[in-house]
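One letter stands for each residue in the lines below.
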Amino acid sequence: MNKLLNPLSKLRPTLLCAALLSTTLLAATAQAATVKFPAELPPFGQDKPLTVPKITQQTLPNGLQVWVVPKQGVPRVDFVLALRGAGYGADAASEPGRAKLLAGLLTEGTAQRSSRQIAEAAQGMGGGVGASASNDGISLNANALASHAEGMMKLLAEVARQPAFPDAEVQLAKANALQGLKVSSGQPAFRAAKALNQAIYGDHAYGRTQETEASINAVSATALRAEHARRFRPDHALLVVTGRITPEAALKLAREAFGDWKADGPPLPELAAPPAQRPVQRLLLERPGSVQSTLRLGRPGMAASGDEQVALRLTSTILGTGFSSRVNTNLREEKGYTYGARAGAQSWRVGGAITGGADVRNEVTGAAMTEYLKEYRRIGSEPVPEAEMAMNKRYMAGSYLVSTQLQGAVAGQLANNWLIGLPADFLGKFVPALQKVSAAEVQAMGKKYFNPDEQSWVVVGDPEKIAEQLKAFGEFKSYKP
């Protein structure tokens, strides 16, 4: 009998602790209920002045631009090597997504090291090295302890200039890409994004950034080596160095690692701008049995270097890129249609897009679309109240200032700005320009870019459950899976 009772006796301390915890929580809740909060929250403190980093700029004889931003703090140095024109915009129409595989395989082997040796060398210097592709370029990122800055600069140069694209690694990357594509293709968000990109950009390279089975199968080590030689050029590259290093030391390391780098063949042609206007499309991508609808809408937008870029960013934040944005507050908080809704602008070097969307229950598909159009129309027809303008400016400025306190983020921001056509001093000019945007400018951006009548719609869902609701928004062309 005692043996049967012993296991139960072990539970008694746990049950006693749980009871005490419950009593404590109830007491704390009762005490909190009696606390009187102030009728109004205290005012915000004064904004701190923006500290604009000093950027030392130099162009090497081979055309490579080098920007150095010394920062005191942790003993670390960050590097970003950006290759303009090497991204998705350089992919042939028959090879969408080629830039992604090209970037991903840079660290999988060089003329001197295997992928494992590259990783071990980077870890031995207290950092790492990697690469990624975007519409306008490929960026390599690296970091190391300040005492290993020279070694990491050499490793970065090796990865960028001498990738081997080993056959075994290429085959493995292709297999992984095919598997990833198979998984993604069954997701409604993937199908919607692909269709919306094509509706916004048409045949432009910005509209074909997602790989296809055919484009993945067509990849070979030989083809990747040829693409690398074509896309990686010092006269189309920027090296950003930030951290605990002097400009003189950083420039010396850059010259030693990249000074003898030479371009191979003629430069890549500049990417033409996509159309500023596109025919409005309404597409229903059928997904039988779906319990929700994936809604996406969009139209062509603005290049990153456009004169109204800052005003457009603020308009996007107010309308749909923050948690307290209008579309999210409306569709999530007030209506309960979705877990999250967004809308806003994406801008690239030669063009951009205005996009929005949410995943909603089948029965509120039409109602959610109506609310989107209402918010789009309101942002272009009514001035934003002063309090809402101030709140969003403060949110954007604060987020921007916090992000630029990290030296790796500074390097990445400078490199990305350069890729999309923004000058180095934009880093310091953004917040002051943001503060000057008026409600009238926001309304003008809303009217110009968020006109409901100019938005294409892509809906992924069960036609039997939502087709009737879509009739109120025009004729939708259906596509089966």
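Just so we're clear, the structure is a prediction, and the values are computed from it rather than from any experiment.

The rules behind these values
Residues numbered from 1 in each chain as written. Predicted model: local features only at pLDDT ≥ 70, side-chain atom pairs only at ≥ 80, totals over all residues. Heavy atoms only, no water. Helix = DSSP H or I, 4+ residues; strand = E, 2+ residues; numbered from the N terminus. Buried < 20%, exposed > 50% of the residue type's maximum accessible area, 1.4 Å probe, protein only. Polar contact = N/O pair within 3.5 Å; in protein donor to acceptor, adjacent residues only side chain to side chain. Contact = heavy atoms within 4.5 Å. pLDDT = per-residue confidence, 0-100. Pairing = 2+ DSSP bridges. Axes fitted to C-alpha atoms, helices over the stretch in contact; angles between N-to-C directions. Salt bridge = Lys/Arg side-chain N within 4 Å of Asp/Glu carboxyl O.

Draft legend 1. Broad picture of the side chain of S456. Inspection of the secondary structure assignment puts S456 in strand β11 (residues 456–461). What makes S456 buried here is its relative accessible area of 4%. Engagement of the side chain of S456 in a polar contact is seen with the backbone nitrogen of Q281, the distance being 2.8 Å. Setting aside chain neighbours within four positions, we find S456 in contact with L196, A199, P279, V280, Q281, R296, L297 and G298.

Draft legend 2. Looking closely at the confidence of the model for the chain. Of all residues in the chain, 91% have pLDDT values of 70 or greater, and the mean over the chain is 92. Segment residues 1–16: pLDDT under 50, and zero contacts once partners within four positions in sequence are set aside and those in other chains are kept.

Draft legend 3. Just the sheet that holds strand β7 (residues 282–286), in detail. Sheet architecture is open: six strands sit in the order β9-β10-β8-β11-β7-β12, paired in mixed fashion. The sheet is open, and its two borders are formed by β9 (341–347) and β12 (477–479), each paired with just one other strand. Neighbour-to-neighbour, the strand axes of the sheet open up by a mean angle of 20°, direction not taken into account. Inspection of the sheet shows β7 paired to β12 by three bridges, in the parallel sense. Following the sheet pairing, L285 is matched in β12 by Y479. The sheet contacts of helix α10 (residues 309–321) involve β9 and β10 (352–361), and relative to β9 the element is tilted by about 165°. The sheet strands contacting helix α12 (residues 365–381) are β8 (292–300), β9, β10 and β11, and the helix crosses β10 at an angle near 145°.

Draft legend 4. Representation of the pattern of salt bridges. Counted by the stated rule, this structure contains 25 salt bridges. Measuring nitrogen to oxygen at the nearest pair gives 2.7 Å for the salt bridge that ties R76 to D78. For the salt bridge of D91 with R231, the shortest nitrogen-to-oxygen distance reads 2.7 Å. On the criterion of sequence distance, the pair formed by D91 in the loop between β3 (76–84) and α2 (98–104) and R231 in helix α8 (residues 221–231) is long-range, its members being 140 residues apart. Under the relative-accessibility criterion, D91 is labelled buried at 4%. Judged by its relative accessible area of 1%, R231 falls in the buried class. Where salt bridges share partners, they join D91, E227, R230 and R231 into one cluster.

Draft legend 5. Up close: the sheet that holds β3. A sheet is described by the order of its strands in space; here six strands give the open sequence β1-β2-β6-β3-β5-β4, paired in mixed fashion. Two strands bound the open sheet, and with one partner strand each, they are β1 (56–59) and β4 (128–133). Put simply, the sheet's adjacent strands are angled 15° from each other on average, direction ignored. Of the pairings in the sheet, the one linking β3 to strand β5 (residues 137–145) comprises nine bridges and is antiparallel in character. Paired with F79 across the strands is A142, a residue of β5. On the sheet, helix α4 (residues 149–161) packs against β3, β4, β5 and β6 (237–243) and is oriented at approximately 155° with respect to β5.

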